[in-house]
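# What the coordinates show
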Amino acid sequence: TAAPADARVGRALAAAVLRLGRARGLSFPLRVVVVDHGSASRAVVAVRDRLAATVAELLGPRASVIAASMERRPGEQYAFAEPLLERVVGGAPPYDSGDVVVAMAFLQPGRHAGPGGDVEQILDAARGRSAGLRTHVTPLLGGSHLVHEVLADRTAEAHAALREPHRGDPEA
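Residues numbered from 1 in each chain as written. Predicted model: local features only at pLDDT ≥ 70, side-chain atom pairs only at ≥ 80, totals over all residues. Heavy atoms only, no water.

What follows is about the overall build of the protein chain. When its secondary structure is counted, the protein chain shows five helices and four strands. Each helix and strand of the protein chain, placed in order from N terminus to C terminus, yields the pattern α-β-α-β-α-β-α-β-α. The dimensions of the protein chain, computed from C-alpha atoms along their principal axes, are 65 × 40 × 30 Å. Counting only contacts in the protein chain whose residues sit at least 6 apart along the sequence, the fraction spanning at least 24 positions is 75%. About 9400 Å² of surface is accessible on the protein chain, with carbon and sulfur atoms providing 56% of the total. Here the protein chain contributes 20 positive and 19 negative side-chain charges, whose respective centroids are spaced 5 Å apart. (Helix = DSSP H or I, 4+ residues; strand = E, 2+ residues; numbered from the N terminus. Contact = heavy atoms within 4.5 Å. Areas by Shrake-Rupley, 256 points an atom, 1.4 Å probe, with all protein chains shown as cover. Lys, Arg positive; Asp, Glu negative; His and termini not counted. Charge placed at Lys NZ, Arg CZ, Asp CG, Glu CD.)

Written out as structure tokens, the structure reads:
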């Protein structure tokens with residue numbers, strides 16, 4: 001399984017969006033914001049963007065999808081991590097009113113993604129600024145069997161790589 005072509009995390013997130021939309025009786029097409037922590041690494045932001053593109057492709061006409069970062073470092077050199085969640089939800093059409101699904105690209109709860117965490121506080125503030133905005137948050141990815149499979153595969157690949165003899169290694 002080659003990591004760049006692996007769409008399982010995207011499939012897990014898209015499935016969570018659809019389950020949430022159907023369970024809450026939301027109107028389609030959904031408005032979806034795929035949010036991750038944010039990073040000072042262009043490579044990590046590219047992964048977030050690829051994840052959002054995969055979700056958009058899987059949902060097709062059932063959703064309008066945008067990627068966002070929960071936070072980013074200050075400075076123009078980190079602008080590649082935009083847009084920020086706080087500027088999208090409640091701040092940018094069509095994510096400033098009505099039902100908006102926040103697709104959480106977080107594995108486990110913590111100070112950012114847990115109850116009362118940063119994401120929840122950002123969404124509370126957005127609802128306070130935008131009358132009629134209703135946010136719906138997907139479960140975290142740690143509960144997805146697809147994500148468990150990805151983690152198991154990556155762990156097995158790492159273990160296999162460690163067992164391979166390395167050229168020039170005197171212990172090989």
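A sheet is described by the order of its strands in space; here four strands give the open sequence β2-β1-β3-β4, paired in parallel fashion. Whereas interior strands pair on both sides, the edge strands pair on one side only; in this sheet they are β2 (63-69) and β4 (133-137). When the angles between neighbouring strand axes are averaged without regard to direction, this sheet yields 25°. In this structure, strand β1 (residues 30-36) lies alongside β2, joined through seven bridges in parallel fashion. By the bridge assignment, Arg31 is partnered in β2 with Ser64. Here helix α1 (residues 8-23) sits on the sheet in contact with β1, β3 (98-104) and β4, set at roughly 150° to β3. Each of β3 and β4 touches helix α4 (residues 118-129); the most contacted strand, β4, lies at about 160° to it. (Pairing = 2+ DSSP bridges. Axes fitted to C-alpha atoms, helices over the stretch in contact; angles between N-to-C directions.)

What follows deals with the side chain of Arg31. Position of Arg31 relative to the elements: it lies in strand β1. The side chain of Arg31 sits in the buried core without any salt bridge; Asp96 is the nearest counter-charge, 5.3 Å away. Separated by 3.1 Å, the side chain of Arg31 and the backbone oxygen of Asp99 make a polar contact. Among all residues touching Arg31, those that are not within four sequence positions of it are Ser64, Pro94, Tyr95, Ser97, Gly98, Asp99, Val100 and Val101. (Buried < 20%, exposed > 50% of the residue type's maximum accessible area, 1.4 Å probe, protein only. Salt bridge = Lys/Arg side-chain N within 4 Å of Asp/Glu carboxyl O. Polar contact = N/O pair within 3.5 Å; in protein donor to acceptor, adjacent residues only side chain to side chain.)

This part takes up the environment of Ala23. Relative to the helices and strands, Ala23 is located in helix α1. Residues Ala23 and Arg87, 64 residues apart in the sequence, show an inter-C-alpha distance of 27 Å.

Turning our eyes to something else, we now look at the packing of α1 against helix α2 (residues 42-59). α2 packs onto α1 with a crossing angle of 55° between their chain directions and a minimal axis gap of 9 Å. Here α1 lies oblique to α2, going by the angle between them. The chirality of how α1 crosses α2 is right-handed. Touching Val9, Gly10, Arg11, Leu13, Ala14, Val17 and Leu18 of α1 are Leu51, Thr54, Val55, Leu58 and Leu59, all from α2. Along the lines of polarity and charge, the residues of the contact of α1 with α2 split into nine nonpolar, two polar and one charged. (Parallel < 35°, antiparallel > 145°, perpendicular 65-115°, else oblique. Left-handed = near helix turned anticlockwise from the far one by under 90°. Nonpolar A, V, L, I, M, F, W, Y, C, P; charged D, E, K, R; others polar.)

As a further point, take α1. For α1, built from 16 residues, the straight-helix expectation of 22 Å at 1.5 Å per residue is met to within 8% by its first-to-last C-alpha distance of 22 Å. Those residues of α1 not exposed but buried are Arg8, Gly10, Ala12, Leu13, Ala14, Ala16, Val17, Leu18, Leu20 and Gly21. The inward-facing, buried residues of α1 contact β1, α2, β3, β4 and α5 (145-163). (Expected span 1.5 Å × (residues − 1).)

Relative orientation of the contacting elements α1 and α5 amounts to 165°, with a least axis distance of 8 Å. When the axes of α1 and α5 are compared, the pair comes out roughly antiparallel. Crossing handedness for the pair α1 and α5: left-handed. Seen from α1, the contacting residues are Arg8, Val9, Arg11 and Ala12; seen from α5, they are Leu146, Val147, Glu149, Val150, Asp153 and Arg154. Among the residues forming the contact of α1 with α5, the class breakdown is five nonpolar, no polar and five charged.

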